[in-house]
Amino acid sequence: MKYIFDYAWLAQYWPVLLKGILVTIQLIAVGAVVGIALGIACAWVRSLGPKCLRPPVTAYVELIRNTPFLIQLFFIFFGLPSLGLQMNELQAANLAMIVNLGAYSCEIIRAGIQATPRGQFEAGASLAMSPFETFRHVILVPSLQRIWPALCSQVIIVMLGSSVVSQIAAEDLTFAANFIQSRTFRAFEAYFVSTAIYLLLAILLRQVLITVGSLIFPKRSPR
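Keep in mind that what you see is a predicted model, and the values were worked out from it rather than measured. Think of each chain on its own: its residues are numbered from 1, step by step along the sequence as written. Only residues with pLDDT of at least 70 get local features here, since the model is predicted, and only at 80 or more are side-chain atom pairs given and counted; chain-wide, interface and lining totals rely on the full set of residues. For the side-chain quantities, the full set of heavy atoms in the structure was used; hydrogens and water were omitted.

**Side note on the environment of Thr-67**
Then, in step 1: Under the scheme used here, helices are H or I runs from DSSP no shorter than 4 residues and strands are E runs no shorter than 2 residues, and both carry numbers assigned from the N terminus. Its place among the elements puts Thr-67 in the loop between α2 (54-65) and α3 (69-79).
Then, in step 2: When its relative accessible area of 27% is taken as the criterion, Thr-67 is described as partly exposed.
Then, in step 3: Through-space distance from the C-alpha of Thr-67 to that of Glu-171 is 24 Å; in sequence the pair is 104 residues apart.
Then, in step 4: Whenever two N or O atoms come within 3.5 Å, that pair is a polar contact, provided that in protein one can donate a hydrogen and the other can accept it, and provided that, for residues adjacent in sequence, both atoms are side-chain atoms. A polar contact is formed between the side chain of Thr-67 and the backbone oxygen of Leu-63, at a distance of 2.7 Å. Each residue gets one of three labels from its accessible area relative to the maximum for its type: buried under 20%, exposed over 50%, partly exposed in between, using a 1.4 Å probe on protein chains only.

**Structural notes on the pattern of salt bridges**
Then, in step 1: In the sections that follow, a salt bridge refers to a side-chain nitrogen of Lys or Arg positioned within 4 Å of a carboxyl oxygen of Asp or Glu. As enumerated under the stated definition, the model contains five salt bridges in all.
Then, in step 2: Across the pair Arg-46 and Glu-107 runs a salt bridge whose closest N-O atoms are separated by 2.6 Å. Here the residue Arg-46 occupies a position in helix α1 (residues 10-47), and Glu-107 occupies one in helix α4 (residues 89-114), the gap between them amounting to 61 residues.
Then, in step 3: The structure contains a network of salt bridges with shared partners spanning Arg-46, Glu-107 and Arg-110.

**Focus: the environment of Ile-197**
Then, in step 1: Summarising the element assignment, Ile-197 is placed in helix α8 (residues 187-216).
Then, in step 2: For the pair Ile-197 and Ile-25, spaced 172 residues apart in sequence, the C-alpha to C-alpha distance is 11 Å.
Then, in step 3: In this description, contact between two residues means that some pair of their heavy atoms is separated by no more than 4.5 Å. Those residues in contact with Ile-197, other than ones at most four positions away along the chain, are Leu-17, Ile-21 and Leu-173.

**Some details on the nonpolar core**
Then, in step 1: Ranked by internal contacts, the top residues of the largest apolar core, which has 62 residues, are Leu-17, Leu-144 and Val-155.
Then, in step 2: At the level of elements, α1, α2, α3, α4, α6 (131-161), α7 (173-184) and α8 are the ones that each hand at least two residues to this core.
Then, in step 3: Once you skip the residues sitting within four places of it in the chain, Leu-144 turns out to touch Ile-40, Ile-109, Leu-151 and Phe-217. In plain words, nonpolar cores are sets of buried Ala, Val, Leu, Ile, Met, Phe, Trp, Tyr and Cys residues tied together by side-chain atoms within 4.5 Å.

**What to know about unusual backbone geometry**
Then, in step 1: Of note in this structure, Ala-169 is not a glycine but carries a positive phi near 70°.
Then, in step 2: Here Ala-169 shows up in the loop between α6 and α7.
Then, in step 3: The backbone of Phe-185 shows a phi angle near 60°, a positive value even though the residue is not glycine.
Then, in step 4: Along the chain, Phe-185 turns up in the loop between α7 and α8.
Then, in step 5: Judged by relative accessible area, Phe-185 falls into the exposed class, the value being 66%.

**Side note on α6**
Then, in step 1: Residue count minus one, scaled by 1.5 Å, sets the expected span of a helix. Compared with an ideal rise of 1.5 Å per residue, which puts 31 residues at 45 Å, α6 spans 35 Å between its outermost C-alpha atoms and falls more than 12% short.
Then, in step 2: Taking the largest bend as the criterion, α6 deviates by roughly 60°, centred on Ile-147, and proline Pro-149 comes between one and four positions later. Each residue is assigned a bend, namely the angle between axes fitted to the seven residues that terminate at it and the seven residues that start at it.

**Comments concerning a nonpolar patch on the surface**
Then, in step 1: What goes into a patch is any residue over 30% in relative accessible area without a salt bridge, connected to like charges within 9 Å or, for nonpolar side chains (Val, Leu, Ile, Met, Phe, Trp, Tyr), within 5 Å. In this description, accessible areas are obtained by the Shrake-Rupley approach with a 1.4 Å probe, and a residue is regarded as covered only by the protein chains that are shown. Together, Tyr-3, Phe-5, Tyr-7, Phe-188 and Phe-192 give the surface a local cluster of nonpolar side chains, amounting to about 520 Å² of exposed area.
Then, in step 2: Judged by its relative accessible area of 45%, Phe-188 is partly exposed.

**Some remarks on α4**
Then, in step 1: The first and last C-alpha atoms of α4 sit 38 Å apart over 26 residues, in line with the 38 Å expected at 1.5 Å per residue.
Then, in step 2: Here α4 starts with a cap whose side-chain oxygen sits 3.2 Å from the backbone nitrogen of Leu-90, and that cap is Asn-88.

**Some details on the packing of α7 against α8**
Then, in step 1: Note on geometry: axes are lines fitted to C-alpha atoms, helical ones only across the stretch in contact, with angles between N-to-C directions running from 0 to 180 degrees. For the pair α7 and α8, interaxial distance at closest approach is 8 Å and the crossing angle is 165°. With respect to their mutual orientation, α7 and α8 come out roughly antiparallel. Between α7 and α8 lies a crossing whose hand is right-handed. Along the contact surface, α7 presents Leu-173, Thr-174, Ala-177, Asn-178, Ile-180 and Gln-181, while α8 presents Ala-187, Ala-190, Tyr-191, Ser-194, Ile-197, Tyr-198 and Leu-201.
Then, in step 2: Here the contact of α7 with α8 is composed, by residue class, of nine nonpolar, four polar and no charged. If an angle is under 35 degrees, it is roughly parallel; if it is over 145, roughly antiparallel; if it lies from 65 to 115, roughly perpendicular; otherwise it is oblique. Note: crossing handedness is left-handed where the near helix turns anticlockwise from the far helix by less than a right angle, and right-handed where it turns clockwise. Classification used: nonpolar for Ala, Val, Leu, Ile, Met, Phe, Trp, Tyr, Cys and Pro, charged for Asp, Glu, Lys and Arg, polar for all others including Gly.

**Details of the packing of aromatic side chains**
Then, in step 1: Side-chain rings of Phe, Tyr and Trp (the six-membered ring for Trp) are treated as a pair once their centres are within 6.5 Å; stacked means planes under 30 degrees apart, edge-to-face means over 60, and tilted covers the remaining angles. Scanning all chains against the criterion turns up nine aromatic pairs.
Then, in step 2: With a centroid separation of 6.4 Å and 65° between ring planes, the pair formed by Tyr-3 and Phe-188 is classed as edge-to-face. Linking Tyr-3 in the segment before α1 with Phe-188 in helix α8, this pair joins segments that are 185 residues apart in sequence.
Then, in step 3: Each ring, one from Phe-74 and one from Phe-78, has its centre 5.6 Å from the other, and the planes form 65°; the classification is edge-to-face. Within this pair, Phe-74 and its partner Phe-78 are both found in helix α3, separated by four residues, close to a single helical turn.
Then, in step 4: With relative accessibility at 28%, the residue Phe-74 sits in the partly exposed group.

Structural data, given as C-alpha cells:
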C-alpha cells in the first residue's frame, strides 16, 4: 500500500496550530515562573523553615511526585468544582502545571541547598541573620546555580507533559493536532507537524533557560 503525504491542509489550519502553540507557550511560561517560585518556598520550608510546616509540605511533595500528572489534572478540573472551586480549562491546566512543577523543583532545589557548605550557614548566623535571611541572601543563588541544569530539564519535561491538558479540552498544541486530524483524517501529517513543533519548542526553551541562567548567575573566575 502506497501512502501519499499531503500537507495542503496547513494553509487552512495554520491559525489553529498557531493558537495551540501560543497556549502551550503560555502554559509553560506561567507554570515555570510560578512553579519554580513555589518550589523555592517549599525547599526552604523542608530545609530551613519552621518544623510545623514541614509535614504538610512533605506530604504535598510526596503526593504529587508519586501520582500521575493526568490524574492530578483530572482532580483539579473535575474534582475541585465539587468543593465549589470553579475554573475553566486553561486555569485548571495552569494550576496543575504549577502544582506539579512546584513539587519536583522543590526536591531539586533542596538537593542544591543540602550541597551548600556548612560554613555558609555559619557565616549567615555570625552576621545575626535569621534562617530566612541566610537562605535568601547567602544560600539561594549558589544553590540554584548548582542545580540549574537539572531544573531546566524538569521544566522541559513539564512542558512536554502539558500535552495531556488536551484531555480537558484546553486548546494547546496537542488539542490543535487532534482537531486537525479529526477534520482532515491526515493523522500522520498532523501528528508529525505537532511533534516537530514540540521538538522546536523544547530546544528553544532550553536555550532561553540557559540564557536566563547566564544572566542570573555570575560566572566564576578561573583559578
